[in-house]
Amino acid sequence: MNMMIIIFRIMKINGSVALVTGANRGLGLAFAKALLERGAKKVYAAARDAESVTLPGVVAIQLDVTDPESVARLAAQVPDLTLLINNAGISKGKGALGANAVELARQEMETNYIGPLAISSAIAPILARNGGGAIVNVLSALSWAVLPTSATYSASKAAAWALTNGLRHELGPQGTQVVGLHVGFVDTDLTAGINAPKSKPEDVVKSALDTVESGGTEVLADDVSKTLKANLSNGVYLRTVG
Ligand SMILES: NC(=O)c1ccc[n+]([C@@H]2O[C@H](COP(=O)([O-])OP(=O)(O)OC[C@H]3O[C@@H](n4cnc5c(N)ncnc54)[C@H](OP(=O)(O)O)[C@@H]3O)[C@@H](O)[C@H]2O)c1
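Throughout what follows, the structure given in this document is the object of discussion. None of the values given here were measured: they were computed from a predicted structure.

Criteria and cut-off values
Residues numbered from 1 in each chain as written. Predicted model: local features only at pLDDT ≥ 70, side-chain atom pairs only at ≥ 80, totals over all residues. Heavy atoms only, no water. Pairing = 2+ DSSP bridges. Helix = DSSP H or I, 4+ residues; strand = E, 2+ residues; numbered from the N terminus. Axes fitted to C-alpha atoms, helices over the stretch in contact; angles between N-to-C directions. Core = buried A, V, L, I, M, F, W, Y, C linked by side-chain atoms within 4.5 Å. Buried < 20%, exposed > 50% of the residue type's maximum accessible area, 1.4 Å probe, protein only. Contact = heavy atoms within 4.5 Å. Salt bridge = Lys/Arg side-chain N within 4 Å of Asp/Glu carboxyl O. Phe/Tyr/Trp six-rings, centres within 6.5 Å; stacked < 30°, edge-to-face > 60°. Near = heavy atom within 4 Å. Polar contact = N/O pair within 3.5 Å; in protein donor to acceptor, adjacent residues only side chain to side chain. Areas by Shrake-Rupley, 256 points an atom, 1.4 Å probe, with all protein chains shown as cover. Nonpolar A, V, L, I, M, F, W, Y, C, P; charged D, E, K, R; others polar. Arc of directions from axis to C-beta.

**Let's talk about the sheet that holds strand 5 (residues 134-138)**
- Taken in spatial order, the 7 strands make up an open sheet running 3-2-1-4-5-6-7, and their pairing is parallel. The strands lining the two open edges of the sheet, one partner per strand, are strand 3 (59-62) and strand 7 (218-220). In this sheet, adjacent strand axes meet at a mean angle of 20° when their direction is disregarded.
- Here 4 bridges tie strand 4 (residues 83-86) to strand 5, and the two strands are oriented parallel to one another. Bridging across to strand 5, Leu-83 finds its partner in Ala-134.

Right under this line is the structure:
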C-alpha cells in the first residue's frame, strides 16, 4: 500500500480564529471559554438561537447544523476561520427498538453525522485559504461501544468517527489537522438523567486543545475511552449488559 505523508502546520490556539457549534451550553460553552482563555483572536460561538449565547467576548452566530440554509450562510460569516470544533450533538437515549426509534435515529444522524459533514465541507475551503487549520470532531466513547439505550446514538457517533477518519485523508493534502475526540460520560445537560461517574467539561476540553496544539489526531479524554480503545481488538464491543 502506498502511504502518503501528510504535513500540517501545528495549530496554536493563541491567535487562532475558532468556531464552536452548540456553544451556548455544555461542552461547547466550555470550549468557547477555554479558547478565549488560551488567547484565540476570535471565537465564533454558534447556536440554534444566537441569543442563547451569553458568554462575553465571543461573536454569537445563528447555526442549526441540520438546516442546509443555515449551513449555507455559514461560510460568508467566518472568512477568517482557522479552527472548527464540530461539537453540537444530541442523544435521544432510546434503544433501536424503542418507540419512534426510526425518527429519533434520523434526528441523531442529521445532527451528529450529517451536520459535521455539511459544516466541514462548507468550511474546508476557508481553512485551506487560511493556511490549513484544524477540525475537532466531538465523538464519543460510544462510537466504539453500545449501551442498551444507545444503539441509535452510537450508530451516529460511529458514522461521525468514520467521517473524521475520512476527512483526515481528504483534508491532509491542504494541511488541515483533523482530530477525533472520544470520551465517556461528561457532566452536561445531555447526561442529566444518568447516575454514573462523569468527567468535567473543562477537563475534556483541556485534553482536546492540548492534543490540537501537540499536533495529535485523537483525544482519549477519560479512562472509559482509553479502556475501550485498548480493548477493541479483544472484542469489547461484543459484550452485552442488562
Ligand atoms: N455529555 C456527555 O456525556 C457526552 C459524552 C460524549 C460525547 N458527547 C458529545 O459532546 C457534544 C456536546 O454535548 P453536551 O454534552 O455538551 O450536550 P448538551 O449540554 O445537551 O449540549 C448540546 C449542544 O448541542 C446543541 N445542538 C443540538 N442540536 C443542534 C442543532 N441541530 N444545531 C445546532 N446546535 C445543536 C445544543 O443547542 P440547543 O441549546 O439549541 O439545544 C447544545 O448547545 C455532543 O456532540 C455530544 O454527543 C457528550
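**Let's talk about the nonpolar core**
- Phe-31, Leu-35, Leu-83 and Leu-181 are the most contacted members of the largest nonpolar core, which totals 34 residues.
- Those elements that provide at least two residues to this core are strand 1 (17-21), helix 1 (26-37), strand 2 (42-47), strand 4, strand 5, strand 6 (177-182) and helix 5 (201-213).
- Among the elements that take part in this core, helix 1 stands out by supplying 6 residues, more than any other.
- The contacts of Leu-83, once residues within four sequence positions are left out, are Met-11, Ile-13, Ser-16, Val-17, Ala-18, Leu-19, Leu-35, Leu-127, Ala-134 and Val-136.

**Describing the side chain of Thr-191**
- Note on placement: Thr-191 falls in the loop between strand 6 and helix 5.
- With residues near it in sequence (within four places) discarded, Thr-191 still touches Phe-185, Val-186 and Lys-198.

**Some details on the pattern of salt bridges**
- For the structure shown, the criterion picks out 6 salt bridges.
- For Asp-210, the salt bridge identified is with Arg-38, shortest N-O distance 2.8 Å. Of the two residues, Asp-210 is situated in helix 5 and Arg-38 in the loop between helix 1 and strand 2; the sequence distance between them amounts to 172 residues.
- The closest approach of N and O atoms between Asp-210 and Lys-206, which form a salt bridge, is 2.6 Å. One end of the pair is Asp-210 and the other is Lys-206, both in helix 5 and 4 residues apart, which spans about a single turn.
- The class for Asp-210 is partly exposed, based on a relative accessible area of 31%.

**Comments concerning the packing of aromatic side chains**
- Overall, the coordinates contain 1 aromatic pair when judged by the stated rule.
- Residues Trp-144 and Trp-161 carry aromatic rings whose centres are separated by 5.7 Å and whose planes lie at 90° to one another, so their mutual orientation is edge-to-face. Here Trp-144, found in the loop between strand 5 and helix 4 (151-171), pairs with Trp-161, found in helix 4; they are 17 residues apart in sequence, far enough to count as distant.
- The class of Trp-144 is buried, set by a relative accessible area of 6%.

**Focus on the site of the ligand**
- With respect to spatial proximity, 28 residues lie near the ligand, and among them Asn-24, Arg-48, Tyr-153, Val-186 and Thr-188 are the closest.
- Separating an oxygen atom of the ligand from a side-chain N or O atom of Arg-48 is a distance of 2.6 Å.
- For the ligand, whose accessible area on its own is 900 Å², the fraction buried by protein is 93%.
- Counting residues per element, the ones that place at least two in the shell around the ligand are helix 1 and helix 4.
- When the residues that make up the shell around the ligand are grouped by side-chain class, the tally is 12 nonpolar, 11 polar and 5 charged.

**Considering helix 2 (residues 68-77)**
- If you check which residues of helix 2 are buried, you get Ser-70, Val-71 and Leu-74. Down the axis of helix 2, the smallest arc covering the buried residues is 95°, so these residues share one side. Within helix 2, the exposed residues directed more than 90 degrees away from the buried face are Pro-68, Glu-69, Ala-72 and Ala-76.
- For helix 2, the secondary structure elements touched by its buried residues are strand 1, strand 3 and helix 3 (101-129).
- The opening residue of helix 2 is Asp-67, an N-cap whose side-chain oxygen sits 3.0 Å from the backbone nitrogen of Glu-69.

**Re the environment of Ile-194**
- Locating Ile-194 in the fold gives a position in the loop between strand 6 and helix 5.
- Ile-194 sits in the partly exposed class, given a relative accessible area of 32%.

**Digging into unusual backbone geometry**
- For Asn-100, which is not glycine, the phi dihedral falls at a positive 60°.
- Within the secondary structure, Asn-100 sits in the loop between strand 4 and helix 3.

Any link to function would need more than the numbers given here.
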